[in-house]
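# Residue-level structural notes
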Number of protein chains: 2
Amino acid sequence: LTPDRLPDPLQDLVRELARLPGVGPKTAARLAHHLLKVSTVEAEALAQAIVAVKALLFHCSRCNAITAVDPCRFCADARRDPAQLLVVEEPFNIEPIERTGEYHGRYHVLLGALSPLRGVGPEELAIDGLLARLDGVVEVILATNPNVEGEATAHYLARLLKPRGLRVTRLAFGMPVGGDIEYTDEVTLSRSLLGRREI
Amino acid sequence: LTPDRLPDPLQDLVRELARLPGVGPKTAARLAHHLLKVSTVEAEALAQAIVAVKALLFHCSRCNAITAVDPCRFCADARRDPAQLLVVEEPFNIEPIERTGEYHGRYHVLLGALSPLRGVGPEELAIDGLLARLDGVVEVILATNPNVEGEATAHYLARLLKPRGLRVTRLAFGMPVGGDIEYTDEVTLSRSLLGRREI
């Protein structure tokens with residue numbers, strides 16, 4: 001659709017929707033026409049939810065998780081093990097870890113990963129906040145992403161944390177459960193082989 | 001993501017986004033986190049665009065096109081040929097026709113198509129409005145969709161309009177330009193053959 005031929009408010013909506021990740025001009029036009037068709041109550045519920053998220057949520061002052069209360073429920077929960085600190089890049093990386101049900105310690109969100117190409121150095125990440133939280137911590141689990149930037153960040157943090165006598169661990173690399181050796185790329189397979197364990 | 005573990009406002013936003021067509025829970029979570037990350041100005045621009053579309057746009061009282069003024073710019077444009085009336089199912093079907101640059105008449109939007117399965121009969125469509133607009137019309141072009149419901153609607157309207165002495169036409173069926181005979185489905189190809197023209 002050529003947005004310049006649409007009525008102005010529709011044009012504006014298509015343009016705003018097209019700024020969302022993974023939403024091209026055609027999808028934006030389709031979503032805009034959908035919003036035009038639904039009830040005003042339903043459309044306004046979405047608009048209000050967007051405004052509310054920006055108005056009510058912020059980063060936890062301790063761990064940088066997204067929260068509506070400070071400290072967040074992870075930092076405030078006395079049942080969580082203060083000896084374990086799991087480090088992730090982004091707030092939404094916490095949820096998949098929680099879903100495993102295997103982790104009961106605290107979190108720390110770096111708000112990014114080292115990326116010389118994009119000009120992200122250590123001072124751009126919440127590393128000072130991490131170093132300020134190490135009292136009583138025995139193990140730091142580096143759960144940065146399994147890509148070049150996440151790996152670089154993990155190695156940088158390991159060099160920083162190991163001299164402090166902490167146990168520093170990294171999430172295991174290997175074959176995805178339910179996967180197939182034949183379809184596993186060779187880098188993953190080689191990490192999987194190097195990381196082999198006795199059964 | 002299990003929305004029940006997210007902070008409430010984020011949960012609300014994921015739920016509202018997941019009501020959009022083609023947006024599943026994972027995409028909704030990704031969009032919600034994106035909106036959380038962008039500036040408040042950008043997020044509010046989207047929210048306001050949604051509200052504005054509902055507050056400022058409505059159906060043209062003559063042709064049912066989406067418009068911010070009544071009558072719409074198609075109905076108000078004296079340069080458009082009043083002898084031609086092109087009938088579409090939905091307001092957003094007008095834009096692709098306009099883009100061809102080949103049509104300079106008026107439009108009429110039915111706001112749907114006949115569908116006995118979904119309980120849409122002639123009385124659910126804007127057919128009375130169409131019949132009320134035939135003064136001075138010479139040709140009615142039926143541009144309903146090339147599917148079962150669009151075809152049924154076109155045939156229903158043709159039976160209604162032809163006895164009134166109007167020229168009733170239907171958009172041509174055939175091979176898509178740039179397509180390939182080998183990859184054209186047999187129904188389309190048979191329509192293309194039946195509709196063959198001398199060159």
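Structure: above.
Not measured: the values here are computed from a predicted model.

Looking now at the relation of the copies chain A and chain B. When chain A is fitted onto chain B, the two copies agree to an RMSD of 0.1 Å after a turn of 180° and an axial shift of 0.0 Å. Considering both components of the superposition, the chain copies are consistent with a two-fold axis. For chain A, the smallest separation between a C-alpha atom and the rotation axis is recorded for A47 of chain A, amounting to 2.1 Å.

All names here are of chain A. The strand order β4-β3-β5-β6 describes an open sheet built from 4 strands, whose pairing is parallel. The strands lining the two open edges of the sheet, one partner per strand, are β4 (105–109) and β6 (167–170). The mean inter-strand angle of the sheet, taken between neighbouring strand axes irrespective of direction, is 25°. Pairing of strand β3 (residues 81–88) with β4, which is carried by 5 bridges, proceeds in the parallel orientation. Opposite L85, over in β4, you have R106 as the bridge partner.

Residue-level contacts link 49 residues of chain A with 49 residues of chain B. Across the contact surface, chain A and chain B share 4 salt bridges. With a shortest N-O distance of 3.4 Å, R19 of chain B and E42 of chain A are connected by a salt bridge. Looking at the side of chain A that touches chain B, the elements with two or more residues in it are α1 (8–17), α2 (25–37), α3 (40–56), β2 (66–67) and α5 (94–100) of chain A. For the side of chain A that touches chain B, the element with the highest residue contribution is α3 of chain A, accounting for 14 residues.

Each value, and the rule that gives it
- Residues numbered from 1 in each chain as written.
- Chains lettered and ligands numbered in written order.
- Predicted model: local features only at pLDDT ≥ 70, side-chain atom pairs only at ≥ 80, totals over all residues.
- Heavy atoms only, no water.
- Least-squares fit on C-alpha atoms with pLDDT ≥ 70 in both.
- Pairing = 2+ DSSP bridges.
- Helix = DSSP H or I, 4+ residues; strand = E, 2+ residues; numbered from the N terminus.
- Axes fitted to C-alpha atoms, helices over the stretch in contact; angles between N-to-C directions.
- Contact = heavy atoms within 4.5 Å.
- Salt bridge = Lys/Arg side-chain N within 4 Å of Asp/Glu carboxyl O.

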